[in-house]
Structure formats: structure tokens, C-alpha cells
Amino acid sequence: MCGITGLISSNPLTERERATVSTMNQALVNRGPDSQGVINDKHVALAMRRLSIIDVVGGQQPLYNETGTVAVVCNGEIYNYLELRQELIRKGHRFSSKSDVEVIAHLYEDMGVEFLGALRGMFSIALWDAEKKRLVLARDRMGEKPLYWYKDPCGHLWFSSEMKSLLKGISGYEPPLSRSAIQLFLTYQYIPEPHTMFEGVRKLSAGHFLSVSVDQLDSQPQSYWRYLSIPEREGDPVQLVREELDTACRIMGRSDVPIGVALSGGIDSAVVAALSARSYPGTLQAFSVGYRGRPGMDERKRAEEVADFLKIPFYDVELAEDDFVRTFPRLVWAMDDPIADIAGYGYYAVSALAREHGVPVLLSGLGGDELFWGYSWIRDLVWENEPRSRFRGAPQWLQKIIGARPEGHRRLMLSRLHKDLEKARAMSRELLSSDSGSCPFPEVSEEWVQCDNEESIALPLSQLLNQTWLVSNCLALADRVSMTHSVEMRLPLLDSNLIELVVGLRKNGMRDWVKPHKWLLVEAVKDMLPPDLLGRPKQGFTPPVQEWYGAVCRHYGCLLQSGSLVTRGLIQKKHVENYIPGTPIGYKLLLLEIWCRLFVEEQTPEEVVEQADAFSARSYRAVEA
């Protein structure tokens, strides 16, 4: 696991520009505390920070092909590297390391950009072809690893694994804040990719690559993998899924350093723990979080029961409300993008706990809900639509939600699929409106997918969930908060081969959404875990939400009145004065305010804490007087 960054220019690079790339790379030290590497060419400077997982001693990046004409830096893991390596050696390739990343350079020699289809893993890649003067940037299929990029007006294309690093490179260009992105954030609680908070700064979308040359920097990202283009699969779903799960957990356990599992006590993490413990007996450790007073959402007891059943050492940390409040600005800084998912602090804390115990790789059950119909409201939408669509179209209430069109197509509109999203969208427009009542900002294009009226909405709806909520909320949050502690988080339930299997089976007629909760996953592993555990509802690392909302708003709410949002004209003061502490929208506004102070005004998390403390002290003295 690493952080990568760099620059390609239509003009020869100056020493100052190379020094800037070095500064950007230093900002990624949390992603790669073990070593660093650079690639310098006339028009290109690439750099990386390394967290050593595979071939700890010999796997220093950049890595090259035999002739040194292809150079690669990579953030992530190529899980099938051993199989790829054997095949490449049979073809005559020579390797200089045992690193998983080196296979990329040799695959590119043989296949060009088609090499991306051979990789099974999570990654963001920067590959420099010195002969063709071509830079290829690429991101894994599901979007587990991030990559930001920006083309400036002076013929430079900058990229980095993190926003905070990229901003050090493009600070002289001062890209403005995107008001459309603010509306997206206030609606969804995250910003759907490829959008970011800055105009012109983009995330390379999941399953896409960007190929540019010194003479042509204007190329646009291209897709190399599409969820809805996965071919049909035949066979026994339960048996096939079990086999693929076994393989995913086995190859994701490949590591030259200790590995742990983030254990919440629910089905998904328990499945990952059970299969991984089976592949690597005696080596796995379990980490969990709980909450002071052990409220109902505290799952430590259940998690420890799973660990005991699997004979895995178990460690936990208890999180208190005041811990969350004091850490909040640091958590926002770690996020890179504003993400108002309060469960992020649990992942932040469990990653810190793993690191404290010398474990830099953490397996997680993240993604199980999205793949195996873990959200009841999504299953209900599919269930209500499916029996009717084949005969007389969707019912009227569903037509209203999905926007049925007379020419026989329907659009699935993300913000209209759930009442909370509809409410948040309306409130975001109100917050951004002018005194005249009109919204001064451009309309945000809706996130949607289209399907025929006679087509099941199951797969399009699943794709929509994956390309929005999963990648821009769940995966972005998990990557940033784990890597801030130099911990690599691996997700077996989002293995690309497993995804392709399940989607292919559904294309061939499997209607698993009509079955009981997570039927396919439960059936595949029911011989490995106690029956009572497999029937547990979804929980995850969810804290006492309302109490934590209220606590953080009480402590930092003082920053809103004359803060960055108001002074920059992003939110009108009258709306800030009327915001309701302890509510989701109040929490979003506060998080956005602190994000602006950190990423726009360049304050430190410690300075934000001091400002809030100083205001509280003044208020206390005023009351005492």
C-alpha cells in the first residue's frame, strides 16, 4: 500500500516543479511511512511513498520492465500477482523483485492498456512509457483506491492519491470551490465522483483509466470495466459463491506482515474472519470498537464471541463521546473529502488500534450489504417493481420515484429513491437559496441510470448504489481513515471476481432479492458459523448517533456564525443562525465549515480545536460574570 503523486507537462519540467512534486509526495507520508521513490524524465516527475506489505525489502518502487522503458508506481495490492508472475515468466519475462506491483510493467509490455483487465486487486496506478512519452493513470474496478487529478491552464496535469497532497501542487492556481459540489454534499452527505469540492479537480472514476502524452494532455478518462456489461454465469450459486469467497480471502491474506480483521459482530465481518482464519490459521488477529456504557449498538460482546469461536486473539477499544468531539477536526482532515457518515470514527479508531498492535493490514466486511442486498429499502424497491414490470410496467408510485418515460425507458434518480434523500435535497436547495427564493447556483445533474420499462430494476439499482454511496461514501471513508494510521484495509466482499460472479448469476435469472436477508452469503458459509450469528441484523461500527451529533454541534457550532461558509458567501448567515444542532443537516453544515477551515483556509486541526475552546471559555466567563 502506498501513496502516489506526480506531474506531466507539455514543456520540460523546471527544478521548482520537481521540488513541488517532492513536497506533494511528503504530504503522503501517512500512506507510506517506510520508504519513497521517484521517477524523473524530461516532461514527467512521478513520486510515491511506500507502506511495505509484499517483498518488504526488495519491493521498492518505482518498478520497471527489463529495459527500463516502462516504469510503474502503484497504490494498492495486486492480489493475483503470483499467478500473473508465473505466466509472465513462462513468456520469458525477467523479474527483479518479488513485488506484486512489478507484474504491471511486464503486463503492459505485452498488452498495452488492456493489462488492466488482467489485474485482480485494489489499485491506483501511474505508469510511464518512456518510448511513447505516455502516462497512464488507472483505478481499480470498484474504486477502493483513490486518485485525484487536475489539468491547469499552463499545460500541466497533476495527480495524487489524496486531495491534501494535490493542493500543495496546484495551490498557485487556486481552483475555486464548487457550489454544485456543496449542494451534492448537503443532499447525499458525500460528493459523488468524479466531482470534488474544487472546480476542475476530479477523481478518476472507478473502473477508468486516463492515457495522456506529452503532446496531448486533453484526453478524457475511459472506462475499461462496466458493471452492467458483465456476462451471464451459470451454475449452482451457493457453491460458486463459496468457492469465490474462499479464493478472495485466501489471496487477500497474502502478506509479509501481520494481518488483522475489523470485527463488528455482524455477518459480513464474521464471514471474512471465518474464511481468513481457515486459510491462515494461527496468524489472524481481531480488532473491534465499543462505546462507553455499552449501549445497544455496542457489539463488542458479539464480536468477541465470534473471535472466541474462531480462536482468534481479540482486542477492542472503548470510544467515548468526548473522544469523538476532541478528535473531530482531525477526523475531517483525514477524510480529504467532506463525508458526513458518523460511522467513520469507528473505522478511524479500529485502524489506530490495529496499528498500535503492529498490524498494518486489516481485512473488513465492507461491501457485503451492497453486494448481497443488505439494505431493506433497496430490496423493497426491487421486490415491489419486479412482479409487475414484465406485464404492465411499474406501479404508479414507483413510476413517480424512478421517472417513467413514455418512450419505454425509466431513469432511476438517486435523490428520489429514499425519503431522507428527498428531504435532504429540498433542504440543500433552501440553504443555498437567495433572499428572493431562487437558487443562484447551477442545477446539479442528478445521479441516475436508465433501463427499459420491461426490464428489472435490480441490476441498474445495484449499479447506482455502487457508483454513488459505496464508492464515494463507504470506500472513500474507509481508505482515508485507515491510511491516516498507515493501515491497509482489504475488502474480500468486493473482490472483482466475486462481483462478476454474483452479477453474472443475476443476469442469468437468479432473483436472490426475493430470498431472506443476505440469503446467498448466508447459504454459502452456513457450515462455518453459528446459526444465531448468521441471523443478526446489520450494525457495523455505528455509535450513539443523536448523542454524538449533539455533542459535536454544541462544541463546534460556535464556529458557524461568522465562519468560512458565511464569509465566503456559500451559506447565508440567516440559514446558519437557524440551523438545528444535533440534526443531520446541522452536522453536515458543521462538518463542511470545519472542512473549509482545514482545506481552504489552511488551518490545522489543532487550531480549529483551540478556536472552539476559546469561544467556549469566553462564553463561560460571560455567564459567570
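Residues numbered from 1 in each chain as written. Predicted model: local features only at pLDDT ≥ 70, side-chain atom pairs only at ≥ 80, totals over all residues. Heavy atoms only, no water.

1. Thoughts on the pairing of strand β8 (residues 148-151)
Stated precisely, the cut-off is as follows: Only when DSSP finds a minimum of two bridges between them are two strands counted as paired. By the criteria applied, helices consist of DSSP H or I runs no shorter than four residues and strands consist of E runs no shorter than two, each listed in order from the N terminus.
Where β8 and strand β10 (residues 202-203) come together, two bridges link them in antiparallel fashion. Note that in β10 the partner of Tyr 148 across the bridge is Lys 203. Between β8 and strand β9 (residues 156-160), which follow one another and run antiparallel, lie four residues, and Gly 155 among them has a positive phi close to 85 degrees.

2. Quick word on the side chain of Arg 480
Applicable threshold: Residue contacts are counted whenever heavy atoms from the two residues lie within 4.5 Å of one another.
Its location among the elements puts Arg 480 in helix α15 (residues 458-483). Filtering out sequence-adjacent residues up to four positions away, Arg 480 remains in contact with Arg 31, Pro 146, Tyr 148, Ala 334, Met 335, Asp 336 and Asp 337.

3. A word on the side chain of Asp 129
Here is the rule: Throughout this description, buried means an accessible area under 20% of the type-specific maximum (1.4 Å probe, protein chains only), exposed means over 50%, and partly exposed covers the range between. For the purpose of counting charges, residues Lys and Arg are taken to be positive, whereas Asp and Glu are taken to be negative. His and the chain ends are not included. Whenever a carboxyl oxygen of Asp or Glu lies within 4 Å of a side-chain nitrogen of Lys or Arg, that contact is scored as a salt bridge. Pairs of N or O atoms within 3.5 Å make up the polar contacts considered here, provided that, within protein, one atom can donate a hydrogen while the other can accept it, and that residues adjacent in sequence are counted only when both atoms are side-chain atoms.
Within the fold, Asp 129 resides in strand β6 (residues 121-129). Of the side chains bearing the opposite charge, Lys 132 lies closest to the buried Asp 129, which forms no salt bridge; the N-O distance is 4.6 Å. Side-chain polar atoms of Asp 129 contact the backbone nitrogen of Lys 132, separated by 3.1 Å. Apart from residues lying up to four places away in sequence, Asp 129 is in contact with Thr 69, Tyr 108 and Arg 134.

4. Focus on the sheet that holds strand β15 (residues 314-319)
Picture the strands of a sheet paired through backbone hydrogen bonds; they go either parallel or antiparallel. Note the cut-off: The axes used here are C-alpha line fits, helices contributing only the stretch in contact, and every angle between their N-to-C directions lies in the interval 0 to 180 degrees.
In spatial order, the strands read β15-β14-β13-β16-β19; together these five strands make up an open sheet with parallel pairing. Both outer strands of the open sheet, β15 and β19 (488-490), are each paired with one neighbouring strand and no more. Between one strand and the next, the sheet's axes are offset by a mean angle of 30 degrees, whatever the strand orientation. With four bridges connecting them, strand β13 (residues 259-262) and strand β14 (residues 284-291) associate as parallel partners. Following the sheet pairing, Val 261 is matched in β14 by Ala 286. Strand contacts of helix α7 (residues 267-279): β13, β14 and β16 (361-363), with the helix running at about 155 degrees to β13, the strand carrying the most contacts. Contacting β13, β14, β15, β16 and β19, helix α10 (residues 344-356) crosses the sheet at an angle of about 135 degrees to β14.

5. Considerations on helix α2 (residues 81-90)
Since there are 3.6 residues in each turn of an α-helix, residues three or four apart along the chain are aligned in direction. To keep it simple, the criterion reads: The arc in question is the one spanned by the directions pointing from the helix axis to the C-beta atoms.
Listed as buried for α2 are Tyr 81, Leu 84, Arg 85 and Leu 88. Around the axis of α2, the buried residues are gathered within 100 degrees of arc, so they sit on the same side. If you follow the buried residues of α2, they end up packed against β5 (70-78) and α3 (102-111). In the segment just after α2, Gly 92 is the residue with positive phi, at about 105 degrees.

6. Looking at the nonpolar core
Quick note on the threshold: To qualify as a nonpolar core, a set must consist of buried Ala, Val, Leu, Ile, Met, Phe, Trp, Tyr and Cys residues joined through side-chain atoms within 4.5 Å.
Core analysis: the largest hydrophobic core is formed by 178 residues, its most contacted members being Ile 104, Leu 119, Ile 125 and Tyr 556. With 11 residues, helix α22 (residues 584-599) is the largest single contributor of residues to this core. Beyond its immediate sequence surroundings of up to four residues, Tyr 556 is in contact with Val 325, Arg 326, Phe 328, Pro 329, Leu 590, Ile 594, Val 608, Val 609 and Ala 612. Counting 22 residues, the second-largest nonpolar core is a separate cluster that includes Ile 39, Trp 149, Leu 157 and Val 212.

7. Comments concerning the pattern of salt bridges
Inspection of every chain in the model, using the stated rule, returns 33 salt bridges. Note that Asp 218 and Lys 151 form a salt bridge whose closest N and O atoms lie 3.3 Å from each other. With Asp 218 in the loop between β11 (208-213) and β12 (222-223) and Lys 151 in strand β8, this pair connects stretches of sequence that are 67 residues apart. One salt bridge in this structure joins Asp 527 and Arg 242, with 2.7 Å as the shortest N-O distance. Taken as a pair, Asp 527 in the loop between α17 (519-525) and α18 (531-534) and Arg 242 in helix α6 (residues 237-252) lie far apart in primary sequence, 285 residues in all. Residue Asp 527 is classed as exposed on the basis of its relative accessible area, which comes to 58%. By relative accessible area, which is 13% here, Arg 242 ends up buried. A single network of salt bridges, built from pairs that share partners, joins Arg 31, Lys 145, Glu 162, Lys 164, Lys 203, Asp 336, Asp 337, Asp 479 and Arg 480.

8. With respect to the packing of aromatic side chains
Note on aromatic pairs: each is described by the distance of the centres and the angle between the planes. Formally: Note on aromatic contacts: the rings of Phe and Tyr and the six-membered ring of Trp form a pair at centre separations within 6.5 Å, being stacked when their planes are under 30 degrees apart, edge-to-face when over 60 apart, and tilted otherwise.
Scanning the model with the defined rule gives 19 aromatic pairs in all. Between Phe 324 and Phe 328 the ring centres are 5.6 Å apart and the planes differ by 70 degrees, which places this aromatic pair in the edge-to-face class. You can see Phe 324 and its partner Phe 328 sitting in helix α9 (residues 321-335), four residues apart, about one turn around the helix. Classification of Phe 324 by relative accessible area gives buried; the value is 0%.

9. Here we look at the environment of Gly 155
Along the chain, Gly 155 turns up in the loop between β8 and β9. Residue class for Gly 155 comes out buried when judged on its relative accessible area of 13%. For the pair Gly 155 and Leu 217, spaced 62 residues apart in the sequence, the C-alpha separation amounts to 7.4 Å. Beyond its immediate chain neighbours, meaning those up to four positions away, Gly 155 contacts Ile 8, Ser 9, Ser 10 and Leu 217.

10. Overview of the sheet that holds strand β2 (residues 35-40)
Reading across the sheet, the six strands line up as β2-β3-β1-β9-β8-β10 and stay open at both edges, with antiparallel pairing between neighbours. Unpaired on one side and paired on the other, β2 and β10 mark the two borders of the sheet. Sheet analysis places strand β1 (residues 2-9) next to β9, joined by five bridges and oriented antiparallel. From the neighbouring strand, Gly 6 faces β9, where its bridge partner is Phe 159.

11. Section: the pairing of strand β7 (residues 134-139)
Counting buried positions along β7 gives five out of six residues, so the element sits mostly inside the fold. Where β6 meets β7, six bridges bridge the pair, whose relative direction is antiparallel. Across the sheet, the residue bridging to Trp 128 is Leu 135, located in β7. Taken together, β6 and the strand that follows it, β7, pair antiparallel across an intervening segment of four residues, in which Lys 133 is found at a positive phi of about 55 degrees.

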